[in-house]
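# Inside the fold
Now for the letters of each chain:
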Amino acid sequence: MKAFEVRTIGILGSGICLDMAAALLAKNLGVKNVSIIAVNVKSDMLDYPVESTGPEISPICEMLNLNLRDLVTSANGSFRLGTSYTCNGVSWFVPFGSYGLDRGESGIDQAILKYLSMTNSEASLDDFSLAAQAAKQSRFAIAGAEREELKNALDYGVNLEAGQYSKYLRSACKKMGVRYVDVDKVSKVIFDNGGYITKVLLGQDENITADFWIDISDNSILTRKVSHGVVKQRDSWLTGDVSYFFSSDGHDNHMLPAVDCRRTSWGWLKVTDIQTQTMYEASCNEEQINRVEVERSIESITKSKIRFLGVRHHDLGWHSSVWNSNCLSLGNSSVDFGGMVFSELSFVQAAIVTFLDFYPAEIPCPANMKWFNKSWNRQVLDARDYCALHAYVESYGTNDNDGLFPQEMTERIKLFRRLGKVEEPESDVVLPRQWMAFCYGMGLRPELFSLALNKIDDNQLISSMEKLRSTIAGLANGMPDHKEFVSRFFS
Amino acid sequence: MLNRKVVILGGGTAGWMTAAALARYLLVPHGPMYSIELVESDGIGTVGVGEATLPHLRQFNEMLGIDENTFIRATGATYKLAIQFPGWGSACSSYIHPFGLAGHDINGIDFHHYWLRLYNSGRVSPYDEYSIAVLMAQKFKFQYPSDDIDSVLAEYGYAFHIDASLYAKYLREYAEKLGVKRTEGKVAQVHQDEECGNIQALVLESGETIPGDLFIDCSGFRGVLIEDTLKTGYESWQHWLPCDRAFAVPSQRVNSPPPYTRASAKKVGWQWRIPLQHRTGNGYVYSSAYINDEDAERLLIEGLEEDATAEPRQLRFVAGKRHISWNKNCVAIGLSAGFLEPLESTSIYLIQIAIQKLIECFPSAGITDVERGAFNRHLNTEYERVRDFIILHYHVNRRDDSDFWRYCRTMSIPDSLAEKMELFRENGRVVSYRKGLFMPASWLMVYLGQGLIPSGYDKRVDWFPIEEVERYLANYKALIDEESSKMPDHHLAISKANEIEHGVYPRAAFNLYGVKG
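In this convention, every chain numbers its residues from 1, walking through the sequence in written order. The order in which chains are written sets their letters, starting at A; the order in which ligands are written sets their numbers, starting at 1. Only residues with pLDDT of at least 70 are given local features in this predicted model, and only at 80 or more are side-chain atom pairs given and counted; all residues enter the totals for whole chains, interfaces and linings. Hydrogen atoms and water are omitted, and side-chain values are computed over all heavy atoms in the structure.

This next bit is on the side chain of D215 of chain A. Residues and elements named next belong to chain A. Only DSSP runs of H or I reaching four residues or more are called helices, and only runs of E reaching two or more are called strands; each is numbered from the N terminus. Along the chain, D215 turns up in strand β12 (residues 212-215). At 2.8 Å, the side chain of D215 forms a polar contact with the backbone nitrogen of L222. Contacts are assigned to residue pairs with any non-hydrogen atoms lying within 4.5 Å of each other. Once you skip the residues sitting within four places of it in the chain, D215 turns out to touch L12, S220, I221, L222, T223, C327, L328, S329 and L330. As used in this structure description, the phrase polar contact means that two N or O atoms lie within 3.5 Å; if the pair is within protein, one of them must be able to donate a hydrogen and the other to accept it, and residues adjacent in sequence are counted only when both atoms belong to side chains.

The structure is reproduced here in structure tokens:
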């Protein structure tokens with residue numbers, strides 16, 4: 001068949017994922033070169049009330065030429081230094097930022113772990129994370145441009161009201177020339193003889209024609225047509241097929257610069273403070289508990305009156321191949337690990353950025369498609385392993401159930417337990433230090449340490465680590481209150 | 001079990017690099033008591049491969065606290081910025097693969113896509129000429145790279161051409177000073193634990209028994225411990241890398257040595273030329289299936305630019321690697337772990353990587369599958385990625401002057417390489433990975449240097465006016481041309497390093513392309 005250039009991209013979806021995909025494509029391709037049509041398909045699903053990002057928000061804003069301050073202001077945002085966990089009576093923090101105050105020295109993580117193994121003090125890994133120390137006291141600051149070591153330690157994301165975030169993006173998209181079409185449903189998908197989607201019929205008179213399609217719709221309108229019935233892969237450890245969302249008016253809002261995840265008897269409770277409200281997401285199995293029981297349980301845990309916002313059901317699992325023909329299938333219909341750890345938006349964003357790396361000169365482009373899918377699969381498997389770790393921690397120490405979990409995850413755990421190391425992943429989905437923080441937090445303790453530490457005398461190591469710990473504590477104490485920082489930031 | 005006694009078998013470059021590095025970390029006054037014993041025989045010659053190195057070696061020296069000027073003096077080193085590859089794409093073509101980048105990304109799109117657009121209209125210089133390291137190499141210039149990330153002077157790294165025997169000798173002194181015990185002798189027998197098969201001791205021809213907890217096999221191709229004793233098995237890659245022999249010969253020194261290695265493709269195989277301060281290293285790598293030994297030796301001598309100073313000596317090898325490098329309580333490092341011809345100067349790098357990984361995973365208490373697995377996985381990846389890159393040089397050729405090149409062009413290649421090439425051919429995309437040596441900058445040099453021009457490129461570059469792209473490339477080339485011309489001559493830089501007791505040089509970056517890489 002004759003190759004054709006991509007002149008128009010049609011995106012089907014709704015909410016923030018649709019807007020983000022449109023914004024990234026419009027900005028990077030330029031609508032005068034490639035027309036972007038965002039088909040906003042009416043969805044029965046609840047839009048996510050809150051979006052918590054990682055540090056990728058800064059490059060995303062830079063890429064989209066968005067002002068982070070304006071975005072946070074318009075989306076009632078707060079800042080996020082990482083994730084705080086409470087599980088089986090133990091609490092720990094998984095920071096985005098690095099441990100120690102990195103001035104280029106390598107092996108600091110190993111030095112901290114060795115120090116912790118040598119001393120019986122109250123010290124914990126969190127003491128060596130400026131982000132963890134700040135978050136515990138609800139403090140926050142953005143490091144100055146010249147303070148590289150603080151920038152690394154205080155790497156941050158944001159918590160945003162998703163509806164507002166979506167509006168902000170949509171407004172940017174419209175300014176860039178993205179054409180929006182609002183429809184109730186797609187009535188028909190038309191293919192050419194080569195099996196490529198050429199147009200979608202939206203009603204009796206309206207249709208959209210495009211050379212390439214991105215399907216982020218809730219019911220995978222296009223995906224079902226191009227994936228030839230391939231079903232999602234799903235592991236038995238994957239649980240949490242429903243998310244209930246609640247909010248409270250904010251009187252108990254501590255403006256924690258983090259996302260707070262607590263393991264409960266029914267599943268995970270994720271608490272996020274934004275400026276005016278506290279948002280709750282309860283991730284559980286529908287068969288085991290109903291919404292009213294969850295609501296009562298949250299009120300009892302938080303001692304707050306909460307308001308039910310809605311529910312989202314998860315079709316748990318993932319597709320390993322999401323670019324088929326001239327259609328890229330994204331969103332929860334292509335990967336859904338339950339929303340506890342990774343949001344739908346984070347996958348869509350990552351996929352679009354990867355797609356731009358493999359942006360096709362023309363269709364068909366089998367090699368580009370193959371490598372995109374390979375890269376996508378790598379990212380999804382890294383995410384899957386980290387999600388599996390969250391499931392593993394629930395039963396950690398109670399029985400030996402390693403066999404249930406992905407082998408790559410159990411190998412990572414073994415390596416950490418033996419050598420205090422985390423293998424460098426091939427994707428940026430989860431940083432090695434996040435693995436380390438989680439593994440250590442859940443109670444794993446390494447047996448051995450790198451030989452490189454032999455060059456340092458034990459007493460010298462202890463003294464330098466204690467000094468570091470105290471410097472970090474001092475820095476954290478000197479940081480402004482998160483609430484105060486936010487109000488100053490916007491004034 | 002506490003692995004307190006480490007025994008290293010073999011004292012070539014691999015053996016003494018391992019001994020020196022382990023001594024640096026194990027034989028420390030305040031740490032646990034370890035001992036390291038290296039067994040070697042003066043009666044067994046060393047191969048002495050790897051005279052051309054990669055920038056990573058600077059990091060190894062830095063780790064050992066070795067001053068760079070001292071190292072240059074001790075090893076007769078010259079600086080190395082690149083490898084020149086005459087005759088690889090076609091018999092009359094030539095390109096340079098530098099330790100540096102070519103051009104800058106523009107608007108988030110890789111430089112080579114802009115180059116490809118201009119290439120199609122014939123309005124562009126050869127791709128390698130957009131690399132400052134290449135221009136420096138062509139002009140015989142050298143200066144330390146800058147650490148100012150915004151400067152074009154930060155777009156390259158450097159390595160050395162060294163006398164590997166002198167390096168081993170230097171490291172021997174270093175290691176012995178730190179307490180490594182050297183024992184002269186040949187291994188007659190190896191004692192193994194009857195139950196688990198672990199090596200317990202080496203018995204020398206003299207009758208002396210050397211017990212140990214952890215054994216490092218640096219015994220060369222033969223793999224006395226990893227293969228003869230533990231029967232680990234060898235994976236041959238000869239069907240992809242058909243060269244199986246080499247002749248090596250030194251020739252006279254040159255007064256103004258080039259700051260690059262030359263790897264010239266010949267009718268069957270290729271010839272290296274490595275300029276040192278005190279001599280020039282030469283060798284001819286060939287396939288015995290396509291040329292006989294006499295002709296190969298003759299071609300080597302005919303291809304020398306200076307008079308030979310010794311008789312050529314022959315090496316035989318099979319490209320490939322052991323199934324695993326760490327088996328039971330034995331770790332193979334160097335040629336005992338695998339052999340890949342020195343086309344891209346990777347021999348010492350592969351030794352270094354194995355040592356550094358061993359330090360990371362050192363089993364100071366017992367040995368478990370966890371560290372063995374982590375070590376073996378890492379080394380497998382490293383070997384396979386180097387392998388694919390070397391095969392690429394052979395496979396992408398348009399030579400029609402021998403069956404050897406025709407075979408290389410049409411042979412089947414590993415899937416991992418075929419997929420990468422397929423992607424490049426389609427759209428000019430280069431696969432990047434995090435583990436392994438050669439990054440897109442290197443792949444591009446070989447692809448484009450050997451004439452593999454993709455059928456497409458990133459269409460987004462068409463959205464910029466062609467005159468603007470042309471002007472940008474011309475300005476960039478003029479800038480690096482000017483900067484490289486201002487630099488001192490390479491031979492003067494060497495003289496300076498020899499004169500100054502301790503050098504002030506940039507910190508080593510653990511990559512091929514300098515600070516910016």
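Here we come to unusual backbone geometry. Look at the link from I363 of chain A to P364 of chain A: it is a cis peptide, with omega at 0°. As for its placement among the helices and strands, P364 of chain A is situated in the loop between α10 (344-357) and α11 (366-395). Residue N107 of chain B is not a glycine yet carries a positive backbone phi of 50°. Tracing the sequence through the fold places N107 of chain B in the loop between β5 (94-98) and α4 (111-120). For K231 of chain B, which is not a glycine, the phi torsion comes out positive at approximately 50°. Counting through the fold element by element, K231 of chain B comes out in the loop between α7 (224-229) and β12 (234-236). Type-normalised accessible area, obtained with a 1.4 Å probe on protein chains alone, sets the label of each residue: buried when under 20%, exposed when over 50%, and partly exposed for intermediate values. What makes K231 of chain B exposed here is its relative accessible area of 60%.

The next point concerns the packing of aromatic side chains. Pairing of aromatic rings covers Phe, Tyr and Trp, the last counted by its six-membered ring, and requires centre-to-centre distances within 6.5 Å; plane angles under 30 degrees mean stacked, over 60 mean edge-to-face, and any other angle means tilted. Per the stated rule, a full pass over the model turns up 68 aromatic pairs over all chains. For the pair F85 of chain B and Y95 of chain B, a centre-to-centre distance of 5.2 Å together with 20° between the ring planes defines the contact as stacked. Highlighted residues: F85 of chain B in strand β4 (residues 82-86) and Y95 of chain B in strand β5, separated in sequence by 10 residues. For F85 of chain B, a relative accessible area of 0% corresponds to the buried category. For Y95 of chain B, a relative accessible area of 2% puts it in the buried group. Taking the centre distance of 4.0 Å and the plane angle of 10° together, the rings of F424 of chain B and Y447 of chain B count as stacked. In this pair, F424 of chain B sits in helix α12 (residues 415-427) while Y447 of chain B sits in helix α13 (residues 440-449), placing the two residues 23 residues apart along the sequence. Summarising the burial analysis for this pair, F424 of chain B and Y447 of chain B share the class buried. Cluster of aromatic residues (ring-pair linked, three or more members): Y85, W92, W268, W318, F337, F342, F347, W376, Y386, W435 and F438 of chain A. The ring of W371 of chain A has K374 of chain A lying over it, and the distance from NZ or CZ to the ring centre is 4.4 Å. Positioned above the aromatic ring of Y433 of chain B, the side-chain terminus of R385 of chain B is 4.0 Å from the ring centre. Only when the NZ of Lys or the CZ of Arg is both within 6 Å of the ring centre and within 35 degrees of the ring normal is a charge said to sit over the ring.

Moving on, we get to the packing of helix α12 (residues 407-419) of chain A against helix α13 (residues 432-441) of chain A. All names here are of chain A. Axes here refer to lines fitted to C-alpha atoms; in helices the fit is confined to the stretch in contact. Angles between the N-to-C directions go from 0 to 180 degrees. Orientation of α12 relative to α13, taken along the N-to-C sense of each, is 75°, at an axis distance of 11 Å. Judged by the inter-axis angle, α12 sits roughly perpendicular to α13. Residue-level inspection shows M409, R412 and F416 of α12 in contact with α13, the latter providing W435, M436, C439 and Y440. The residue classification treats Ala, Val, Leu, Ile, Met, Phe, Trp, Tyr, Cys and Pro as nonpolar and Asp, Glu, Lys and Arg as charged. All others, Gly included, are polar. Of the residues contributing to the contact of α12 with α13, the split by class is 6 nonpolar, no polar and 1 charged. Angles are sorted into four bins: roughly parallel if under 35 degrees, roughly antiparallel if over 145, roughly perpendicular if 65 to 115, and oblique for all others.

Attention now goes to helix α2 (residues 56-64) of chain B. All names here are of chain B. With 7 of its 9 residues buried, α2 lies for the most part within the structure. Regarding α2, the residues found buried are H56, L57, R58, F60, N61, M63 and L64. In this structure, the buried side of α2 is in contact with α1 (13-26), α3 (68-75), β6 (159-161), α6 (164-178) and α9 (347-360). Of the residues trailing α2, G65 is marked for its positive phi of about 75°.

Across the boundary between the two partners, chain A contributes 38 residues, which contact 38 residues of chain B. For this document, the term salt bridge refers to a Lys or Arg side-chain nitrogen within 4 Å of an Asp or Glu carboxyl oxygen. Across the chain A-chain B interface, the total number found is 8 salt bridges. Two residues, E423 of chain A and R377 of chain B, come together in a salt bridge whose shortest N-O distance is 2.8 Å. Of all elements in the fold, only α1 (15-29), α10, α11 and α12 of chain A reach the threshold of two or more residues within the side of chain A that touches chain B. The element best represented in the side of chain A that touches chain B is α11 of chain A, accounting for 6 residues. Residues that form the side of chain A that touches chain B fall into these classes: 18 nonpolar, 6 polar and 14 charged.

As far as function goes, none of this settles anything; it's purely spatial.
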